[in-house]
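# Per-entry structural report
Single-letter residue listing:
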Amino acid sequence: MKKLRPAAAAMLLFLFSQIAWAGTIIGSPHDFRKYPWIRSGEICFPCHVPQKTATVPAPLWNRELTTQTFIMYGITHVQPPRTPVMSQPDGISKKCLSCHDGIIATDTYGPNTGGTAYRFDKDYMGTIPNNNHPISFIYDTALAAKDADLYDPATKPSGMTGSTATIKTDMLFSNRMECVSCHDVHNTKAVPGTKLLVKYSAGSALCLTCHNK
Amino acid sequence: MKKRAFILSILIICMGCALIPEKPAAPPKTIFYPALPQQPRLQFLQSISGESDLGKKQSAFHEFIFGKRREQLLGKPYDVAASKGKIYVMDRMYKKIVILDLVGKKMSFLNDDGIARLGDPAGIWVSEEDIKYVADMQRKQVVAFDKSDHFLRTYGGPEIFEKPVDVAVHGKRIYVIDMDKELLFIMNKDTGRVIKTIGEKGEFFKPSDVTVGPSGNVFVTDAFHFVIKKFSPDGKFLGTIGFHDNQVGGFARPKGAAVDKNGRLYVADAAFENVQIFDDQGRILLFFGGPGSGPGNLYLPAGIAVDNNNTAYFQKFADPDFKLEYIIYVTNMFGKNMLNVYGFGHWIGTSLPGEKNDRP
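Residues numbered from 1 in each chain as written. Chains lettered and ligands numbered in written order. Predicted model: local features only at pLDDT ≥ 70, side-chain atom pairs only at ≥ 80, totals over all residues.

## Examining the overall build of chain A
Going by this rule: The helix and strand labels rest on DSSP assignments: H or I over at least four residues marks a helix, E over at least two residues marks a strand, and numbering proceeds from the N terminus. In this scheme the burial state of a residue depends on its C-beta neighbours within 10 Å: 20 or more other such atoms mean buried, 12 or fewer mean exposed, and anything in between means partly exposed; the C-beta positions come from the backbone.
Helix and strand counts for chain A come out as six helices and two strands. Reading the secondary structure of chain A in the N-to-C direction produces α-α-β-α-α-β-α-α. Burial analysis of chain A (213 residues in total) assigns 26% to the buried set.

Now the structure itself:
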């Protein structure tokens, strides 16, 4: 038993180091600071556009314009429940799709860049009736009632580390499944060593959160 | 007498049926940018998502017998170009070039059998002579098709390109932007030889699009510097347009760009879901589109093209008080309106209050 202690301690240290990395976008696949173009420390800019300029000139052909600020993807930070466009990627998933469009970020995850194994276009990701990786569809109690293979998201716990809340609270956005239901882009709750997944995918645990198989 | 009365009554009944007015369709709302009473510069004309949007209607009889024709729609349009009578859409879902034939009112795929097989097309340019140039990421080449849609030749290869994502042609020069090498290649259109490369010092980060204006100036979408960079035809750096900001004139996710005959630059931004127009000094003139799924709105736009060849075809969609000068196409990666058509023009109606009819 005594001999095992150093080994156990080493393992614990290793595990803790992994968890430390899991807590931040730094070092994650969306940390673009290794590229020279990004000014020091401004890790947020590729996705969160700054408002830097104090005043901008009004467009010469529309001098009566009063609002000068653009809203990204039609989403405001205080998101009112707006009517989503059915069967189209909507809301928060648009943020992912503007880069993961098959050309800018073709197949870039982890150590793999520029490959073709995992494509964000027709075959691998899409909207219903795409079977492989659908997004932006409503997943609620009504859907679960129609499909015995789905758990009710309003009652089933998400099982995410440190949470006792339901799938609906932890993983859905306005009752819709989006890219961020499973992928944590900020890497604050992602499991290290996965594709920024919010839960371990070993033994299909992530899939089985919602699918009752 | 009775027989005549009978026939007459039948006729009257039939006339009565014919005279029951059909519920009139609500007239489509005219979308001007900027909206009236300001001087309109652009009008949203039409969205094209499938063959039926080209005007060929299924006859009521045909529909009665065979049912409503289910048509193939555009998949995921990314880039667009045009020539006389045709719009070419580079479609990322089909991995093919879709040809929208405005005259024949048909939608078809550009035949890329055999050596012309497209692997992973990313950008398209069509010259005045209707030669199609397609940047292909998998082939690491630009593939050219002649005006009869036959394979013509290729440019480059794995020894030159890593990830060619867009192409533009002007005079005897071909411009290819390589996103992985982060270089702009200037090549000779006849020999295929590389004349020059721009960006060796790491000036670009993940440049995604290239376009050329009528004067030969080259515009590169330097995607992760969030600006458009302008070069002379020989590759001399002339300046930047736009900045990284969420305000008018700024970019968050700039993608396709196009230049009109007056040197005005159109840039599509996938994050703001709009197109901004800059004059030849880089000053912001207007923006249009905006997020949403209504007429004229954009949905993760990607590609944009200016078309001087098909203005007459689209005039029928324009307001009678708006004279079209040229057409602008914008592709939407998602949404039900796949290819938006806008017309640039000027107001010919009664004088508008405020500004005179000046046109910078």
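## Observations regarding the overall build of chain B
Put simply, the test is: Any residue pair is listed as a contact if its two C-beta atoms, each placed from the backbone, are within 7 Å.
On a plain count of helices and strands, chain B comes out with three helices and 27 strands. Considered along the principal axes of its C-alpha atoms, chain B spans approximately 100 × 60 × 30 Å. Contacts in chain B between residues at least 24 apart in sequence constitute 47% of all its contacts with a sequence separation of at least 6.

## With respect to the environment of A:P46
With respect to the element layout, A:P46 can be found in the loop between α1 (4-22) and α2 (93-97). C-beta crowding within 10 Å serves as the criterion here: with 22 such atoms nearby, A:P46 is assigned to the buried category. A:P46 has contacts with A:F32 and B:F224, leaving out every residue within four places of it along the chain.

## Let's talk about the sheet that holds strand β15 (residues 207-212) of chain B
All names here are of chain B. Applied cut-off: Paired strands are those between which DSSP finds at least two bridges. For helices, the axis comes from a line fit to the C-alpha atoms of the stretch in contact; other axes are also lines fit to C-alpha atoms, and the angle between any two N-to-C directions lies between 0 and 180 degrees.
On the basis of which strands lie adjacent, the open sheet formed by four strands has the order β15-β16-β17-β18 and antiparallel pairing. Each edge of the open sheet is held by one strand with a lone partner, namely β15 and β18 (237-241). Taken pair by pair, the neighbouring strands of this sheet meet at an average axis angle of 20°, ignoring direction. As defined by bridge partners, β15 adjoins strand β16 (residues 218-222) across five bridges and the pair is classed as antiparallel. Along β16, the bridge assignment pairs P207 with D222.

## Quick look at unusual backbone geometry
All names here are of chain B. With omega at -10°, the peptide bond leading from Y33 into P34 counts as cis. Along the chain, the position of P34 falls in the loop between β1 (31-33) and β2 (42-48). In this structure, D130 is a non-glycine residue whose phi angle is positive, near 65°. Along the chain, D130 falls in the loop between β7 (121-126) and β8 (132-136).

## Some thoughts on the nonpolar core
Heads up, the condition is: When buried Ala, Val, Leu, Ile, Met, Phe, Trp, Tyr and Cys residues are joined through C-beta atoms within 7 Å, the set is termed a nonpolar core.
Grouped together as the largest cluster of nonpolar side chains are 119 residues, with contacts concentrated most on B:V142, B:V167, B:Y175, B:V176, B:Y266, B:I304 and B:Y329. With near-sequence residues (within four places) excluded, B:V142 lies in contact with B:Y133, B:V134, B:A135, B:T154, B:Y155, B:G156, B:P164, B:V167, B:I174 and B:V176. Formed by six residues, the second largest nonpolar core is a distinct cluster that contains A:A190, A:L196, A:V198 and A:L206.

## Here's the deal with the pairing of strand β11 (residues 164-170) of chain B
Side-chain direction in a regular strand flips from residue to residue, so the side chains alternate between the two faces of the sheet. All names here are of chain B. The buried fraction of β11 amounts to six of the seven residues, a majority that puts the element mostly inside the structure. Relative to strand β12 (residues 173-178), β11 runs antiparallel, the two sharing six bridges. Bridge assignment links V169 to a residue of β12, and that residue is I174. Between the antiparallel neighbours β11 and β12 lie two residues, among them G171 with a positive phi of about 60°.

Honestly, it's all geometry; don't read function into it.
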